[in-house]
Amino acid sequence: MTTTAPIRVTRTAHSQLSQIDFANLGFGNYISDHMFVADYKNGAWETGEVVPFGPLPMTPAILSLHYGQAVFEGMKAFRMNNGSINIFRPQRHSQRLNQSLARMCMPPIDEEFFIEALKAVIRTDEKWIPSSEGSALYIRPVVFASESRLGVKISDEYKFVVLTSPVGPYFTKPVRVKVEETYVRAAEGGTGFAKCAGNYGGAFYPTQLARQQGFDQVLWTDAKEHKYIDESGAMNVMFVLNGKLVTPKLTSSLLDGVTRDSILTLSESLGIQKEERKVSIAELEEGFKNGTLTEAFGVGTAAVVSTIAVIHIHGTDYALPADQAASFQQRVKQKLHHLRVGNEADTHGWNYII
Ligand SMILES: *Cc1c(COP(=O)(O)O)cnc(C)c1O
């Protein structure tokens, strides 16, 4: 998009805002009053508009329903201490969205267009941004094939929609995870690095089996040998091993998490060395046995940090030390919070203030 035509806003006459219990938001329970919608037709994105949240006209023959061309993003906007609105790292999310789109043969959305769309919908629903500590406006951009046709083909038409949702602090009790050695989420060369809808659908069944066995999540391993750790559920995973921050290095089967990148970047200022490399199950087992594995946690936009209490490996439950206030995961979570609300200088240029 070269011209930035102003985005038209049609406001709802039936705001749901007064019905929202801001003290008990939970995660993803409410969708804000408005959404951004743009169409891709004849080889170009239209400007798009902000309209009341609601149904979109479409037929059951839209190609995304049949052949899976659907990708999304997940990010957050925060109310800062001085009242400004801060979208966290939208440029980085824009890059990742474009990587996902490219892998699924879908047309790119340039950064300026992406950010203008976010700004338009966030400004319209500004009153939906919660301000208590740990809460945020979760932003869900989604792009899907909307051409109505049955034959297998790359769609010529798409929709780009941005929804938002006020979310509370994501208090998760420490989770029990199971090393998965039968099923795979993604194989190298597949679509694991893309935030595409099908990756989630495919992960539900093994996750459901793990839940029936008393675990909260699976710890995915590589598809070839089931020897190395990929991710945990829909989060990247990190360990404190021998006093160092260790995380699996990125491959085509791992999602390049923005939270992962932020935490790796902040690690130095928190006085810990970092290692991005292959992490084997054998190494974790060893770390449990000799006491050098002191922390394990998932990282992602929704929860920021999700403490792992137990890892199930080859039939044995290995427990991590109880999470302490001075743990690396708690310190880095606090640091990210302070940075995003403006208590601490944003030396990396991550805050996009609107
Ligand atoms: C979204 C996602 C993550 C976390 O990415 P963030 O950018 O930190 O939110 C990790 N793994 C998977 C599979 C994901 O879909």
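Residues numbered from 1 in each chain as written. Predicted model: local features only at pLDDT ≥ 70, side-chain atom pairs only at ≥ 80, totals over all residues. Heavy atoms only, no water.

A separate point is the overall build of the chain. A tally of regular secondary structure across the chain gives seven helices and 19 strands. Rg of the C-alpha trace for the chain: 21 Å, near the compact-globule value of 20 Å for 354 residues, within the 12% margin. If one aligns the C-alpha atoms of the chain with their principal axes, the spans along those axes are about 60 × 50 × 35 Å. Within the chain, the fraction of its 354 residues that count as buried is 50%. In the chain, once contacts between residues fewer than 6 apart in sequence are set aside, the share between residues at least 24 apart is 71%. Accessible area for the chain stands at about 16,000 Å²; split by element, carbon and sulfur atoms hold 52% of it. For the chain, the distance from the average position of its 35 positive side-chain charges to the average position of its 37 negative side-chain charges is 1 Å. (Helix = DSSP H or I, 4+ residues; strand = E, 2+ residues; numbered from the N terminus. Rg over C-alpha atoms; globule rule 2.2 N^0.38 Å. Buried < 20%, exposed > 50% of the residue type's maximum accessible area, 1.4 Å probe, protein only. Contact = heavy atoms within 4.5 Å. Areas by Shrake-Rupley, 256 points an atom, 1.4 Å probe, with all protein chains shown as cover. Lys, Arg positive; Asp, Glu negative; His and termini not counted. Charge placed at Lys NZ, Arg CZ, Asp CG, Glu CD.)

This brings us to the nonpolar core. Ranked by internal contacts, the top residues of the largest apolar core, which has 38 residues, are Phe36, Trp45, Ile109, Ile122, Val143 and Phe160. Broken down by secondary-structure element, the contributors of at least two residues to this core are strand 2 (34-41), strand 6 (75-79), strand 7 (85-88), helix 2 (90-103), helix 3 (111-124), strand 8 (136-145) and strand 9 (158-167). Dropping the residues within four chain positions of it, Val143 is found in contact with Trp45, Gln69, Ala70, Val71, Leu97, Leu101, Met106, Ile109, Tyr158, Lys159 and Phe160. In terms of nonpolar packing, the next biggest core, distinct from the first, is built from 22 residues, Leu245, Leu264, Phe328 and Trp350 among them. (Core = buried A, V, L, I, M, F, W, Y, C linked by side-chain atoms within 4.5 Å.)

Attention now goes to the site of the ligand. The environment of the ligand is formed by 14 residues, the closest being Lys195, Tyr200, Glu231, Thr259 and Thr301. Take Arg96: an N or O atom from its side chain is 2.7 Å from an oxygen atom of the ligand. Against a free-state accessible area of 380 Å², the protein chains account for coverage of 96% of the ligand. (Near = heavy atom within 4 Å. Polar contact = N/O pair within 3.5 Å; in protein donor to acceptor, adjacent residues only side chain to side chain.)

The next thing to look at is unusual backbone geometry. Residue Asn42 is not a glycine yet carries a positive backbone phi of 50 degrees. Exposure remark for Asn42: the relative accessible area of 82% places this residue in the exposed category. The phi torsion at Cys105 lies on the positive side, around 60 degrees, for a residue other than glycine. By the element assignment, Cys105 lies in the loop between helix 2 and helix 3.

This next bit is on the pattern of salt bridges. As enumerated under the stated definition, the model contains 20 salt bridges in all. The salt bridge partner of Lys119 is Glu116, with a shortest N-O separation of 3.2 Å. One end of the pair is Lys119 and the other is Glu116, both in helix 3 and three residues apart, which spans about a single turn. Among the charged side chains, a network of salt bridges with common partners joins Arg89, Arg92, Asp256 and Asp261. (Salt bridge = Lys/Arg side-chain N within 4 Å of Asp/Glu carboxyl O.)

Segmenting the chain into domains produces domain 1 (8-169) and domain 2 (175-341). Contact with domain 1, which involves 25 residues of that partner, is made by 23 residues of domain 2. Per-residue buried area on domain 1 facing domain 2 is highest for Phe72, Arg96 and Arg103; these three make up 28% of the total on that side. On the surface where domain 1 and domain 2 come into contact, there are three salt bridges. For the pair domain 1 and domain 2, the interface holds 14 residue pairs in polar contact (both at pLDDT 80 or more). Here the residues of the side of domain 1 that touches domain 2 sort into ten nonpolar, seven polar and eight charged. (Domains from an automatic or database assignment. Buried area = accessible area lost by both parts, 1.4 Å probe. Nonpolar A, V, L, I, M, F, W, Y, C, P; charged D, E, K, R; others polar.)

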